[in-house]
Amino acid sequence: MGLQFGVISVDDHVVEPPDLWTRCMSRAKWGDRIPHVAAQADGAERWVIEGQVRTGSALAATGALSKDRGSEPQTWSEVPKSAYDPQARLTVMDSDGIDCSVLYPSAAGVSGEVIGAIKDLELQIECARTYNDWIIDVWAASSTRFVPQAILPAGSIEAAVAEARRAVGRGHQGVIMPAQPSQINPAAPHLYKPDWDPLWTTIEELDVPVCFHAGSAPSVMFEISPAYDAAGARAFDNVRQSAGSAALINGMVLSGILYRFPKLRPVFPGSAIDYVPFALEALDHQWERQRLAENEGFAQRPSEIFHRQCYVTTWKEKVGLRNRNYVGPDRILWESEFPRSTSTYPESARMIENNFAEVPVQERELILWRNAARLYKLSI
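Each chain carries its own residue numbering, running from 1 in the written order of its sequence. The model is predicted, so local features are restricted to residues of pLDDT at least 70 and side-chain atom pairs to those at 80 or more, both for listing and for counting; the totals for chains, interfaces and linings are taken over all residues. With hydrogens and water stripped out, all remaining heavy atoms of the structure feed into the side-chain values.

1. With respect to the state of the cysteines
Line of reasoning, step 1. The disulfide criterion used throughout: a pair of cysteine sulfur atoms within 2.5 Å. Applying the stated rule across the entire model yields 0 disulfides.
Line of reasoning, step 2. Between Cys100, a free cysteine, and Cys211, which holds the nearest cysteine sulfur, the sulfur-to-sulfur gap is 15 Å.
Line of reasoning, step 3. Only protein chains enter the area calculation, which uses a 1.4 Å probe; residues under 20% of their type maximum are buried, those over 50% are exposed, and those in between are partly exposed. When its relative accessible area of 0% is taken as the criterion, Cys100 is described as buried.
Line of reasoning, step 4. Residue Cys127 stays outside any disulfide, its sulfur separated by 11 Å from that of Cys24, the closest cysteine.

Spelled out as structure tokens, the structure:
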């Protein structure tokens, strides 16, 4: 694969078509519990999953394709084709200067948390498999510029392990996990419990990154004040999602997961890098003050663990890039977040030039494509 623009976006979203699950799963077996789109009393269309209507302000998050970026489609007929069609997406990528795109879901949850919340485990597993096969058979098959990643049935560790093996065997180049599976599905242990060790062992063996998209765990995010109007609430939601990733990074380190699994490569898409120097400095301070090396067996500084294993993303920061040496240029990936409202589209090239103006060429290449190519084993 040759690079035309020298840019890999490690966080973009596909919008699942309304018939994705209904055409692939048995209606005789599952009935209306299959994820599908249905019209509501007000005429708007919404996803219905396991019989529950997914409430929200839109059918799909495609604000980057709206004229005012504040409006979202209410019916499928309003969803832009580039959100769900791979050929139309390639055209958009060319116009915005993007070589490759690492894919995340939308209706399934940005980290697969919507599917992971399905109570019936058998239904949850089949929904995850259906999504994962669609990404391979439709998106990855259409172009090597798309990097497929699999969602996991987070309601069962055994099922997650099995699907990770199956999906990577089919060609998925990463796996996606909800940040707090126990909060979306009572059957799941807390992410930081050693119960999940069989999954971390498997992901290490498969040698793929495990990705925790910002926004999948409201418990680690600031609460949205009811005093906000609708536009203010949407704006603050985007801000709080990135800030929440700082809490998740802390948790992954302090839980001991990364100490026990030194080859695990967690990625925090949508994280932004502004918060990382604060998080690492605070972690190292507590490591020293609480003598964690002696009391908990954490022999390495948290910042050393982060610099060895973790990846964070940037897309909008200029000030954050000035602090890149605290994060590590080899730990930073670039994302567009297409087609969500916070995306750099359709001005990715201009924003890159503006934000990276003070970044040396070698480090710029690391962040814009070399780190991602190494992480996802892309032949470039």
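2. A word on the sheet that holds strand E7 (residues 150-151)
Line of reasoning, step 1. Strand order in the open sheet formed by 6 strands is E7-E8-E9-E10-E11-E12, with parallel pairing between adjacent strands. Either end of the sheet is taken by a strand with one partner, and the two such strands are E7 and strand E12 (332-334).
Line of reasoning, step 2. Where strand E10 (residues 266-268) and strand E11 (residues 311-314) come together, 2 bridges link them in parallel fashion. Each residue of the ladder has a partner; that of Phe268, found in E11, is Val312. When DSSP locates at least two bridges between a pair of strands, those strands are taken to pair. Segments assigned H or I by DSSP are reported as helices when at least four residues long, segments assigned E as strands when at least two residues long, and all are numbered from the N terminus.

3. Examining the pairing of strand E3 (residues 45-49)
Line of reasoning, step 1. Summarising burial for E3: 4 of the 5 residues are buried, a large majority.
Line of reasoning, step 2. Relative to E3, strand E2 (residues 36-39) is paired through 4 bridges, and the arrangement is antiparallel. Bridging from a neighbouring strand, Ala38 pairs with Arg46 of E3.
Line of reasoning, step 3. In this antiparallel pair of consecutive strands, E2 and E3, the connection spans 5 residues, and Gly43 shows a positive phi of 95°.
Line of reasoning, step 4. Here 2 bridges tie E3 to strand E4 (residues 52-53), and the two strands are oriented antiparallel to one another. Residue pairing for E4: Val48 is matched across the bridge by Val53.
Line of reasoning, step 5. The antiparallel hairpin formed by E3 and E4 contains 2 residues in its connecting segment, where Glu50 sits at a positive phi of about 55°.

4. Quick look at the packing of aromatic side chains
Line of reasoning, step 1. Classification of ring pairs uses Phe, Tyr and Trp, with its six-membered ring standing for Trp, and accepts pairs whose centres are within 6.5 Å; under 30 degrees between planes counts as stacked, over 60 as edge-to-face, and the remaining range as tilted. Taken as a whole and judged by the stated rule, the model has 9 aromatic pairs.
Line of reasoning, step 2. Ring geometry for Trp76 and Tyr84: centres 4.7 Å apart, planes at 40°, overall tilted.
Line of reasoning, step 3. Taking 5.0 Å as the distance between ring centres and 75° as the angle between the ring planes, the aromatic pair formed by Trp139 and Phe146 counts as edge-to-face. Here Trp139 and Phe146 have matching classes, each one buried.
Line of reasoning, step 4. Pairwise contacts between aromatic rings join Tyr131, Trp134, Trp139 and Phe146 into one cluster.
Line of reasoning, step 5. Counted as over-ring charges are cases with an Arg CZ or a Lys NZ within 6 Å of the ring centre that also lie within 35 degrees of the ring normal. Directly above the ring of Trp315 sits Lys316, whose terminal nitrogen or CZ lies 3.8 Å from the centroid.
Line of reasoning, step 6. A cation sits over an aromatic face here: Arg331 above Tyr311, 4.4 Å from the ring centre.

5. Describing the pairing of strand E5 (residues 100-104)
Line of reasoning, step 1. Taken across its 5 residues, E5 has 5 buried, putting it largely inside the fold.
Line of reasoning, step 2. Residues Cys100, Val102 and Tyr104 of E5 are buried on one face, and the alternating residues Ser101 and Leu103, pointing to the opposite face, are buried as well.
Line of reasoning, step 3. The sheet contact formed by E5 and strand E6 (residues 146-147) spans 2 bridges and is parallel. Within E6, the residue paired with Ser101 across the bridge is Phe146.

6. Thoughts on the pattern of salt bridges
Line of reasoning, step 1. Throughout this description, the term salt bridge denotes a Lys or Arg side-chain nitrogen within 4 Å of a carboxyl oxygen of Asp or Glu. By the definition in use, this model includes 23 salt bridges.
Line of reasoning, step 2. Note that Arg324 and Glu363 form a salt bridge whose closest N and O atoms lie 2.5 Å from each other. With Arg324 in helix H14 (residues 324-327) and Glu363 in helix H16 (residues 361-375), this pair connects stretches of sequence that are 39 residues apart. Considered together, Arg324 and Glu363 belong to a single accessibility category, that of buried residues.

7. Looking at helix H10 (residues 276-289)
Line of reasoning, step 1. Expected span, for any helix, means 1.5 Å times one less than how many residues it has. When the terminal C-alpha atoms of H10 are compared, their 20 Å separation across 14 residues agrees well with the 20 Å that a helix rising 1.5 Å per residue should span.
Line of reasoning, step 2. Taken together, the buried positions of H10 are occupied by Val276, Pro277, Ala279, Leu280, Leu283, Asp284 and Trp287. For H10, the angular spread of the buried residues around the axis is 165°, confining them to a single face. Exposed residues pointing more than 90 degrees away from the buried face of H10 are listed as Phe278, Glu281 and Arg289. Think of the arc as the fan of directions from the helix axis to the C-beta atoms.

Any functional reading would require information that these geometric values do not contain.
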